[in-house]
Amino acid sequence: MLRFTRPRGRAWLSLLASTALVSGALLAPPAARPTSAATLANNRVGMVCTTSTSPNPTFTLTTKRGYINLPDGTTAYMWGFSEGTGAFQHPGPVLCVNEGDTVTIVLKNALTNSITPKAPAVSLVFPGQVGVTADGAPSQPQFSGTTLLSLAQAAQPGGGTVTYSFTASRPGTFLYESGGGQATGGSTFYTNSQIQVRMGLFGALVVRPSSGANFAYDGSETRFNPSTEFLALLSEIDPYLNAAVQKGKAFNLNSYHPRYWLINGRGFPDSIADNFASWLPSQPYGSLAEIHPYDATANPYPSIDRFLSVGTEDYPFHPHGNNGKVIGRDGAALEGPAGQDMTFDEFVVNVGPGQTWDVLFDWRDAESYSPGNPVPASEPNLQNLTVGMFYSGSPYLGAQEPMPPGISTLNECGEFYIISHNHALYQITSWGVNMTGPITYTRVDPPLPNNCPA
Ligand SMILES: [Cu+2]
């Protein structure tokens, strides 16, 4: 097997060739983290939940600063939320709670003047949650006279805390993000919530319905296979903004111009690497979707992908080869007041700024392809084939055949790979490097039992 090397330089093709760990199993297991509910038993693929004890889950989100790796070989200075005393990570932890829980989130602002020249106050807002309190009082915008300082009570830099609490009254997929800060001694550029969200102060909040963790909402049509649950948190970076913040300089937001676009804080090909990939120490979450074909008895329920965006413009995300069934948006099930089915099939999931979309999908072997029911075309001679690195040598799911001389493949067990990407093509770049950015794959494994690595 190939060994993964840390991505460097702009030769994305060679990067891709080194992306052997699509289904990996080479990586050391992640360090102990408060996680659960990933697709596979070892957490290498699928949404990674950070959980606490229902019905009174408590999380501590600590602001940290750090760096992330980008696909063109550069790094970006970021701010982020980490759980408890955990190391800097990007994006923040995926907080998973249950409908009806009383959720407590202690925000601890560890950004200090010794870390960044002008450390900001930071607050948290929870779009979609009602009745949020901050240190026991209603969470609400903070003013100095008529000047808006922040969207919620803020934790001062150097270790200040604010305790937010709310009842997770309805299921769904939500964001949490900075509401900016009110700095003691007056507002500064760095307390602007637009700056703080752009710098990475955001994360996902998933509220499980009372029906159970295998439902997206309280409705039988929202049931999914809990072993195929995925999350795609879409974001963007203007490196000039990050550099200005790192150096304590001002930045004119009228000049804001993103150059990087990411899924779960990673660009392609890092996006399809395992959760907790060792060479991405501060970017723990992959976005590869690994599923099995629909089967009425063995695999009757679809997968779910929870899309979220903290960007500034629409991201038309586009899974190839399959429509998704949109069952929820912005933490609301798509049903009418009398329970009418308002779900819809969609080819492009056009996630707008601040939106969340819940999308069910599966893969069906509609034509029952098998050597006994061959592809209705003659395959070219092997030497005349141009093969991709994920090709198994066979058009049949679960089959592997010889490859042309000199061709190596990353295909492990005859699985299919279907690309899924942002269809604003200028956004699948990294400062102009094409075919990076928000690209991931759906991996369709042969039906179980199969020969795929666990
Ligand atoms: Cu496409």
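Provided above is the structure to which this section pertains.
To start, this report covers the structure provided alongside it. These figures come from a predicted structure and were not determined experimentally.

1. Some details on the overall build of the protein
If you tally the helices and strands in the protein, you get three helices and 28 strands. A buried classification covers 54% of the 454 residues belonging to the protein. Pairs at least 24 residues apart make up 70% of the contacts formed inside the protein by residues separated by at least 6 positions. For the protein, the computed accessible surface area is about 18,400 Å², with 53% contributed by carbon and sulfur atoms.

2. Focus: the state of the cysteines
One pass over the structure, following the stated rule, counts two disulfides. Between the sulfur atoms of Cys 49 and its disulfide partner Cys 96 the distance amounts to 1.9 Å. Looking along the S-S bond of the Cys 49-Cys 96 disulfide, the torsion reads about -75°, which is the left-handed sense. With Cys 49 in strand S2 (residues 49–50) and Cys 96 in strand S5 (residues 94–98), this pair connects stretches of sequence that are 47 residues apart.

3. A few points about the sheet that holds strand S8 (residues 133–134)
One key point about sheets: their strands pair by backbone hydrogen bonds, in either a parallel or an antiparallel sense. In spatial order, the strands read S4-S3-S6-S12-S8-S9; together these six strands make up an open sheet with mixed pairing. Every interior strand has two partners, whereas the edge strands, strand S4 (75–83) and strand S9 (137–138), have only one.

4. Here's the deal with the coordination of the copper ion
Perfect tetrahedral coordination of a metal by four donors corresponds to 109.5 degrees between them, and perfect octahedral coordination by six donors corresponds to 90 or 180 degrees. Protein coordination at the copper ion: the donors are His 318 (NE2), His 320 (NE2) and His 421 (NE2), at 2.0 to 2.5 Å from the metal. The sequence motif formed by the donor residues of the copper ion is H-x1-H-x100-H. Here His 318, found in strand S19 (residues 315–319), pairs with His 421, found in strand S25 (residues 416–422); they are 103 residues apart in sequence, far enough to count as distant. With relative accessibility at 4%, the residue His 318 sits in the buried group.

5. So, the sheet that holds strand S17 (residues 289–291)
If you trace the five strands from one edge of the open sheet to the other, you get S17-S28-S25-S19-S23, paired in mixed fashion. Looking at strand neighbours, the two that pair on one side only are S17 and strand S23 (349–351), the edges of this open sheet. On average, each strand axis in the sheet is tilted by 20° relative to the strand beside it, whichever way the strands run. Relative to S23, S19 is paired through three bridges, and the arrangement is antiparallel. Residue pairing across strands places Tyr 315 opposite Val 351, the latter belonging to S23.

Parameters and conventions
- Residues numbered from 1 in each chain as written.
- Predicted model: local features only at pLDDT ≥ 70, side-chain atom pairs only at ≥ 80, totals over all residues.
- Heavy atoms only, no water.
- Helix = DSSP H or I, 4+ residues; strand = E, 2+ residues; numbered from the N terminus.
- Buried < 20%, exposed > 50% of the residue type's maximum accessible area, 1.4 Å probe, protein only.
- Contact = heavy atoms within 4.5 Å.
- Areas by Shrake-Rupley, 256 points an atom, 1.4 Å probe, with all protein chains shown as cover.
- Disulfide = S-S within 2.5 Å.
- Pairing = 2+ DSSP bridges.
- Donors = N, O, S within 2.8 Å, 3.2 Å for Na, K, Ca; no water.
- Axes fitted to C-alpha atoms, helices over the stretch in contact; angles between N-to-C directions.

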